[in-house]
Amino acid sequence: GPGPGRYGMPGAVRDFAAARLDYHGEAGSMRRRLRDYVVRLADYRASIGTAQVPATWTVLPEVYHSYEADAANFREVLDWCLQHGDAESGLRICTSLRLCWVVGDARAERAEWLDALTRAAGAAVPATILGPALAIRAQLAFEDADMAGAEETGLAALKLCQAAGEARFSA
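Note that the structure is a prediction, hence the values are computed from the model and not measured.

Peer 1: Is there a simple way to think about the pattern of salt bridges in this case?
Peer 2: Opposite charge on two side chains lets them pair, provided their charged atoms get close. Considering all chains together, one arrives at six salt bridges under this definition. Put simply, R35 and D36 hold a salt bridge, and the shortest N to O gap is 2.9 Å. Residue class for R35 comes out buried when judged on its relative accessible area of 15%. Under the relative-accessibility criterion, D36 is labelled partly exposed at 33%. The shortest N-O distance in the salt bridge between R35 and D86 comes to 2.9 Å. You can see R35 sitting in helix α2 (residues 27-49) and its partner D86 sitting in the loop between α3 (59-83) and α4 (87-96), a full 51 residues away along the chain. Judged by relative accessible area, which is 14%, D86 ranks as buried. Counted as one network, the salt bridges with shared partners bring together R35, D36 and D86.

If you want it as structure tokens, here you go:
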């Protein structure tokens, strides 16, 4: 298809490489680097989608199409964040992907990620991260006609966003 070429590693080679990384004690380091890359990638895509980074109209569709190509990496990193208690990074990714998620039609999956990461967050996640994530969750509840859930989650998000001085998500 259009766009840059992509490389896919066959399953057996991927499994062998993962086993070698694990054997040498580098699997955790590799996963953290993948998480950091995915956080930066999601933030960059959000900055294009929200016009914080100037881009031509021809770039915008590519941002959304490239999300589909990278969706497996995003899911893998979100799962890793959930398993390793890094709800902050997971919620940051979810917040940054909100515009790519609007284009797709996987509301249930998005809601599941946000719910699981929010449950795991506890008090350790700053309001600047948790507030916007809850605002997005409230939007998903609204789209699903769950008005009570949208109101409850939206009010919690508003309180956190206002306390954190997060004007964009307070609006």
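Peer 1: Just to check I follow, could you spell out the environment of E143 for this structure?
Peer 2: Tracing the backbone shows E143 in helix α7 (residues 127-143). Note on E143: relative accessible area 43%, which makes it partly exposed. Leave out the neighbours within four places in its chain, and E143 touches R107 and R110.

Analysis parameters
- Residues numbered from 1 in each chain as written.
- Predicted model: local features only at pLDDT ≥ 70, side-chain atom pairs only at ≥ 80, totals over all residues.
- Heavy atoms only, no water.
- Salt bridge = Lys/Arg side-chain N within 4 Å of Asp/Glu carboxyl O.
- Buried < 20%, exposed > 50% of the residue type's maximum accessible area, 1.4 Å probe, protein only.
- Helix = DSSP H or I, 4+ residues; strand = E, 2+ residues; numbered from the N terminus.
- Contact = heavy atoms within 4.5 Å.

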